[in-house]
Amino acid sequence: AGPAMRLRGGRSRGGARLVLACSASSSSSSPPGEGGGFSGRVGFLGLGIMGAPMASNLIKAGCDVTVWNRTKSKCDPLLTLGAKYESSPADVASACDVTFAMLADPESAVEVACGANGAAQGMAPGKGYVDVSTVDAATSKLIGKSITSTGASFLEAPVSGSKKPAEDGLLIFLTAGDESLYNRVALLLDVMGKSRFFLGDVGNGAAMKLVVNMVMGSMMVSFSEGLLLSEKVGLDPNTLVEVISQGAISAPMFSLKGPSMVKAAYPTAFPLKHQQKDLRLALALAESVSQSIPTVAAANELYKVAKSLGLADQDFSAVIEALKAKEQNE
Ligand SMILES: NC(=O)C1=CN([C@@H]2O[C@H](COP(=O)(O)OP(=O)(O)OC[C@H]3O[C@@H](n4cnc5c(N)ncnc54)[C@H](OP(=O)(O)O)[C@@H]3O)[C@@H](O)[C@H]2O)C=CC1
Ligand SMILES: O=CC(=O)O
């Protein structure tokens, strides 16, 4: 039998519901868990493109949030909203009942959780750590082991959805690990997201996220090739975007990114360096089960070229520039 999978989605979203979702009180009069309110202090580590709006939504929902970020200035907007500040991940974990982490990659996720003054040093029985970064299963298991060795609980919960869904509280959580922690933070996930899946053992959430993102990365390359080819044969690429949007291969991503890609504008929602990281990790995942993913391998090479062109911090749709550069060099 495969891992337990449960979807709780389709919830209507409304301001009033968000305001009621959290209680800043640390009293235990409202038992944590499904159906109860979340009571206790919430930590948030990592306030980049995704972490900042996620933490912001928790604060706006009435949660008692304590933040930390490597670059301290990124905490300021959250402090203005009412967040508290601690000067290390260990101090945040020590001050909070549940701590979320949204870090760039496996290296930073491990450093923040397990390094000097890392979150694990502030963990103790009764506390929870929820890592929402996109990492590989081995990294997630390593972090989980470090957290649970303190007696605390661990949940991996990478998200599908980009900057705008994070701002709108419409992320999709792909969780795995400690199910009682999953139930305990369910209301917090519902503040930040529109649906949540519980996928069983630690590693399954990471794997699901990598599979989703490898499909996304290849789709973007294929779309880029289509835009360039349509233009080259004398078609209007804007019309291609419109045609695609009306057919069976329509995807919000194409409609959202297409018009700006045609103008060679790549405002960053999902940094290209993170998409390439996800393809790299997906290739390793496929390798671990001897699965061939040649389309993903080819897409990965293109993202690597894009990075070498200085596009790492642009949106991942800038991968189209790598195709243009290739053409010029041929
Ligand atoms: N953007 C998106 O659309 C989505 C991103 N993701 C995933 O979410 C994660 C975060 O993405 P995003 O917010 O876009 O990324 P950003 O690059 O905007 O933010 C990365 C965060 O990680 C921190 N960080 C990086 N290196 C270190 C380190 N060595 N030690 C401590 N902190 C560090 C950064 O701190 P500092 O501010 O100091 O640099 C920052 O807070 C990634 O794993 C990404 O793949 C998932 C879904 C969507
Ligand atoms: O990881 C990126 C996303 O859009 O999801």
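Just so it is clear, the model here is predicted, and its values are computed rather than measured. (Residues numbered from 1 in each chain as written. Chains lettered and ligands numbered in written order. Predicted model: local features only at pLDDT ≥ 70, side-chain atom pairs only at ≥ 80, totals over all residues. Heavy atoms only, no water.)

As for the environment of aspartate 315
Consideration 1: The residue aspartate 315 is located in the loop between helix H14 (294–308) and helix H15 (319–329) in this model.
Consideration 2: Since its relative accessible area comes to 1%, aspartate 315 is described here as buried.
Consideration 3: Note: C-alpha distance between aspartate 315 and leucine 171 (144 residues apart in sequence) is 18 Å.
Consideration 4: The residues contacting aspartate 315, other than those within four sequence positions of it, are Lys257, Tyr266, Pro267, Thr268, Ala269, Phe270 and Leu272.
Consideration 5: A polar atom in the side chain of aspartate 315 sits 3.0 Å from the backbone nitrogen of phenylalanine 270. (Helix = DSSP H or I, 4+ residues; strand = E, 2+ residues; numbered from the N terminus. Buried < 20%, exposed > 50% of the residue type's maximum accessible area, 1.4 Å probe, protein only. Contact = heavy atoms within 4.5 Å. Polar contact = N/O pair within 3.5 Å; in protein donor to acceptor, adjacent residues only side chain to side chain.)

A short note on the pattern of salt bridges
Consideration 1: Taken as a whole, this structure holds 10 salt bridges when the rule is applied.
Consideration 2: Ionic pairing is found between lysine 164 and aspartate 168, a salt bridge with its closest N-O pair at 2.6 Å. One end of the pair, lysine 164, and the other, aspartate 168, are both in helix H7 (residues 163–168), four residues apart, so they sit about a helical turn from each other.
Consideration 3: Overall, the relative accessible area of 36% leaves aspartate 168 in the partly exposed class.
Consideration 4: Residues lysine 277 and aspartate 278 are paired through a salt bridge, measuring 2.9 Å at the closest nitrogen-oxygen approach. One exposure class covers both lysine 277 and aspartate 278, and it is buried. (Salt bridge = Lys/Arg side-chain N within 4 Å of Asp/Glu carboxyl O.)

Considering the UniProt feature "domain: 3-hydroxyisobutyrate dehydrogenase-like NAD-binding" (unreviewed entry) in the protein chain
Consideration 1: Mapped onto this numbering, the UniProt entry annotates "domain: 3-hydroxyisobutyrate dehydrogenase-like NAD-binding" (unreviewed entry) at residues 203–322.
Consideration 2: A distance of 32 Å separates the end C-alpha atoms of residues 203–322, which is 72% helix and 0% strand. (UniProt positions renumbered as here; feature names shortened; annotations may be inferred.)

Some points on the environment of lysine 127
Consideration 1: Take lysine 127: it is sitting in the loop between helix H5 (106–114) and strand E8 (128–131).
Consideration 2: For lysine 127, a relative accessible area of 15% translates into the label buried.
Consideration 3: Each C-alpha atom of the pair lysine 127 and cysteine 96 lies 7.6 Å from the other, and the pair is 31 residues apart in sequence.
Consideration 4: Excluding its chain neighbours within four sequence positions, the residues that come into contact with lysine 127 are Ala93, Ser94, Ala95, Cys96, Asp97, Gly122, Ala152, Ser153 and Arg184.
Consideration 5: In this structure the side chain of lysine 127 is engaged in a polar contact, spanning 2.9 Å, whose partner is the backbone oxygen of serine 94.
Consideration 6: Within polar-contact distance, the side chain of lysine 127 engages the backbone oxygen of cysteine 96 at 2.8 Å.

A word on the pairing of E8
Consideration 1: A two-sided burial pattern is seen for E8, the buried positions comprising Gly128 and Val130 on one face and Tyr129 and Asp131 on the other.
Consideration 2: In this structure, strand E7 (residues 98–101) lies alongside E8, joined through four bridges in parallel fashion. Each bridged residue has a counterpart across the sheet, and for threonine 99 the counterpart in E8 is tyrosine 129.
Consideration 3: Crossover connection from E7 via H5 to parallel E8: handedness right-handed.
Consideration 4: Pairing between E8 and strand E9 (residues 153–156): four bridges, direction parallel. From the neighbouring strand, valine 130 faces E9, where its bridge partner is leucine 155.
Consideration 5: Handedness of the crossover is the feature at issue here: the chain leaves E8, passes through helix H6 (residues 137–148), returns alongside E9, and the resulting connection is right-handed. (Pairing = 2+ DSSP bridges. Right-handed = clockwise from strand over helix to strand, strands pointing away.)

Some details on the nonpolar core
One recurring pattern in soluble globular proteins is that nonpolar side chains are buried together.
Consideration 1: Membership of the largest hydrophobic core comes to 35 residues, with the highest contact counts inside it found for Phe44, Met54, Leu58, Phe100, Val130, Phe173 and Val185.
Consideration 2: Residue assignment for this core shows that the elements contributing at least two residues are strand E4 (41–45), helix H2 (51–60), strand E5 (64–68), E7, strand E11 (171–177), helix H8 (179–184) and helix H9 (186–192).
Consideration 3: Of all hydrophobic cores here, the second largest spans 33 residues; its members include Met261, Leu302, Tyr303 and Ile320. (Core = buried A, V, L, I, M, F, W, Y, C linked by side-chain atoms within 4.5 Å.)

Overview of the packing of helix H11 (residues 237–246) against helix H12 (residues 252–262)
Consideration 1: Packing of H11 against H12 leaves a shortest axis separation of 9 Å and a crossing angle of 175°. By the criterion of interaxial angle, the relationship of H11 to H12 is roughly antiparallel. Contacts between H11 and H12 involve Pro237, Asn238, Val241, Ile244 and Ser245 from the first element and Phe254, Ser255, Gly258, Pro259 and Val262 from the second.
Consideration 2: Looking at the contact of H11 with H12 residue by residue, the class counts come to six nonpolar, four polar and no charged. (Axes fitted to C-alpha atoms, helices over the stretch in contact; angles between N-to-C directions. Parallel < 35°, antiparallel > 145°, perpendicular 65-115°, else oblique. Nonpolar A, V, L, I, M, F, W, Y, C, P; charged D, E, K, R; others polar.)

Digging into the site of ligand 1
Consideration 1: Surveying the vicinity of ligand 1 reveals 27 residues, the closest of which are Asn69, Thr71, Lys74, Ser162 and Lys277.
Consideration 2: Alanine 104 is positioned with one of its backbone polar atoms (N or O) 2.9 Å from an oxygen atom of ligand 1.
Consideration 3: Note that a nitrogen atom of ligand 1 is positioned 2.8 Å from one of the backbone N or O atoms of alanine 269.
Consideration 4: Here ligand 1, which alone exposes 900 Å², has 90% of that area covered by the protein.
Consideration 5: Within the residue set of the shell around ligand 1, elements represented by two or more residues are H5 and helix H13 (272–288).
Consideration 6: The element that contributes the greatest number of residues to the shell around ligand 1 is H5, accounting for three residues. (Near = heavy atom within 4 Å. Areas by Shrake-Rupley, 256 points an atom, 1.4 Å probe, with all protein chains shown as cover.)

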